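So the chains spell out like this:
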Amino acid sequence: MLINNKSIAIVGGGPGGLTLARLLQLKGADVKVYERDFDKNARVQGSPLDLHDRSGLAAIRKAELLEEFKNNFLPGADKKLIMNERAEIFFSDHDTKVEENFGHEYFRPEIDRGTLRKILLESLQPGTVVWNSHFISIEKENGGWNLYFKNGSSAYADIVIASDGANSKIRPYITDIKAFYSGVIMLEGNISNAKETAPNINALLKGGKIMAFGNGKNLLMGQKGNGDIGFYASFKADESWSSTNGLDYSNKEQVLEWFKINYPEWNHIWYELFKNSEVPFIPRPIYCMPFDQTWETLPNLTMIGDAAHVMPPFAGEGANMAMLDALELSECLTSEKYGSLTSAISAYEKNMQTKASIAAKESLENGELMHSENALATMLEFFNRH
């Protein structure tokens, strides 16, 4: 194999990076994952993910983790309500959704991000993840790379793979192509023990999702397996909104007042989200990579997931694409058909760029539809058709 006697560093321990580490270890590779979180419990994981059969689930199967996944996914978490700003229900599949199962082409089982991370972490050899490794820079040495971290430590690797997200610090060593702003901001909140702290929203959710549309704005939320609720206020705004709006994201009353002013037509039931959220709220400007991006392949440095192709979340493709990247890169690196690392990485990158372009375009278009004045009618037509 091309990676025999080669040390591999994966920077970033999200779904893509951990999946890649698992797949490479199954092939006997020498892999370390450098993760900036202090430890595995360092932060709250976001809303559940739905994995798709030909991407996220394909990687789970190849990683020999399907049974563990089946033991931990959230049946019924894909059921949804579509509502308007007045909290009137226009679509519900809670009583009508056909029970699908693994092997069904359109089955998209949901799993908590934290649970998926735990499954992947526990599948790795002890000591694979080096925590508290906040990447700062790399430099070439002896045909490989020295990696430098914020805590003063360093490490050498023959091959480096960036899995460090939308604000990747490694990406600029590969290409100077930058993401563009999509026009959408998502303000994220999280409610613990929602049965007690947000009983009205909790009763509506019934373990599933809510998508509420009105006046060009959204509220999107989903229930986690532990009873928490992750939610997002999603709206069009200037790119600088997060830093120029004067909000103290640690002040619930202030953020609630912002919601009342900026979502004036919205029912009082939604206030429960903002009154009971953990703080701070997190503003997330949504970016997207150009659809036509290419770069000259390097012999021992590449990237996967959001580092390679950040895109809006409105097609549910982000984590799925990252895990598919992990699957396809691992297969290229361990294939006998490539004569060099450069040709193996190039094959992966060309394929990845093509697929990511299609997914990013769909995600961007969906985002436009979901923030249009007639978003409710558009989304109802979509879900009734499907």
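The structure this text deals with has already been given above.
This text gives an overview of the structure that appears in the document. (Residues numbered from 1 in each chain as written. Predicted model: local features only at pLDDT ≥ 70, side-chain atom pairs only at ≥ 80, totals over all residues. Heavy atoms only, no water.)

1. Section: the environment of Y338
Reasoning step 1: With respect to the helices, strands and loops of the structure, Y338 is situated in the loop between α11 (318-333) and α12 (341-370).
Reasoning step 2: Along the sequence, Y338 and Q125 sit 213 residues apart, while their C-alpha atoms lie 28 Å from each other.
Reasoning step 3: When neighbours within four sequence positions are excluded, Y338 is seen to be in contact with L2, C332, S343, A344 and A347. (Helix = DSSP H or I, 4+ residues; strand = E, 2+ residues; numbered from the N terminus. Contact = heavy atoms within 4.5 Å.)

2. Some remarks on the packing of aromatic side chains
A ring pair, where both rings are aromatic, is described by two values, the distance of the centres and the angle of the planes.
Reasoning step 1: Under the counting rule described, the total for this entry stands at 23 aromatic pairs.
Reasoning step 2: Between F91 and F383 the ring centres are 5.9 Å apart and the planes differ by 35 degrees, which places this aromatic pair in the tilted class. Remark: F383 occurs in helix α13 (residues 375-385) and F91 occurs in strand β5 (residues 89-92); sequence separation between them is 292 residues.
Reasoning step 3: Of the residues examined, F383 reaches a relative accessible area of 16% and is grouped as buried. (Phe/Tyr/Trp six-rings, centres within 6.5 Å; stacked < 30°, edge-to-face > 60°. Buried < 20%, exposed > 50% of the residue type's maximum accessible area, 1.4 Å probe, protein only.)

3. Things to note about the sheet that holds strand β14 (residues 217-223)
Reasoning step 1: Ordered in space as β5-β4-β13-β14-β15-β12-β16, the seven strands form an open sheet in which the pairing is mixed. Each having just a single partner strand, β5 and β16 (282-288) make up the two edges of the open sheet. Ignoring strand direction, the axes of neighbouring strands in this sheet form an average angle of 20 degrees.
Reasoning step 2: By the bridge criterion, three bridges tie strand β4 (residues 80-84) to β5 in an arrangement that is antiparallel. Within β5, the residue paired with M83 across the bridge is I89.
Reasoning step 3: Together, β4, β5 and β13 (209-214) form the strand contacts of α13, whose direction differs from that of β4 by roughly 155 degrees. (Pairing = 2+ DSSP bridges. Axes fitted to C-alpha atoms, helices over the stretch in contact; angles between N-to-C directions.)

4. Side note on the packing of helix α1 (residues 15-26) against helix α4 (residues 113-123)
Relative placement of two packed helices is described by the angle separating their axes and the distance separating the axes.
Reasoning step 1: Two numbers describe how α1 lies on α4: the axes approach to 9 Å, and their chain directions differ by 25 degrees. As the angle between them shows, α1 and α4 are arranged roughly parallel. As for how α1 packs across α4, the hand of that crossing is left-handed. Across the interface between the two elements, P15, L18, T19 and R22 of α1 pack against L116, R117, L120, L121 and S123 of α4.
Reasoning step 2: In terms of residue class, the contact of α1 with α4 is made up of five nonpolar, two polar and two charged. (Parallel < 35°, antiparallel > 145°, perpendicular 65-115°, else oblique. Left-handed = near helix turned anticlockwise from the far one by under 90°. Nonpolar A, V, L, I, M, F, W, Y, C, P; charged D, E, K, R; others polar.)

5. Observations concerning the sheet that holds strand β1 (residues 7-11)
Paired through their backbone hydrogen bonds, the strands of a sheet run either parallel or antiparallel.
Reasoning step 1: With parallel pairing, five strands are arranged side by side in an open sheet as β7-β2-β1-β11-β17. The strands lining the two open edges of the sheet, one partner per strand, are β7 (129-130) and β17 (301-303).
Reasoning step 2: Where strand β11 (residues 159-162) lies against β17, three bridges are found, and the strand directions are parallel. In the strand pairing of β17, V160 is matched with L301.
Reasoning step 3: Against the sheet, α12 contacts β11 and β17, and its axis sits at roughly 20 degrees relative to β17.

6. Points about the environment of N245
Reasoning step 1: Take N245: it is sitting in the loop between α7 (241-244) and α8 (252-262).
Reasoning step 2: When the C-alpha atoms of N245 and W258 are compared, they prove to be 9.5 Å apart, with 13 residues separating the residues in sequence.
Reasoning step 3: A distance of 2.6 Å separates a polar atom in the side chain of N245 from the backbone nitrogen of L247.
Reasoning step 4: Separated by 2.9 Å, the side chains of N245 and Y249 make a polar contact. (Polar contact = N/O pair within 3.5 Å; in protein donor to acceptor, adjacent residues only side chain to side chain.)

7. Examining the pairing of strand β2 (residues 30-34)
Reasoning step 1: As defined by bridge partners, β1 adjoins β2 across five bridges and the pair is classed as parallel. Across the sheet, A9 pairs through a bridge with K32, a residue of β2.
Reasoning step 2: With α1 bridging β1 and the parallel β2, this β-α-β connection has right-handed handedness.
Reasoning step 3: Looking at chain direction, β2 and β7 are connected through two bridges and run parallel. The partner of Y34 across the bridge, within β7, is V130. (Right-handed = clockwise from strand over helix to strand, strands pointing away.)

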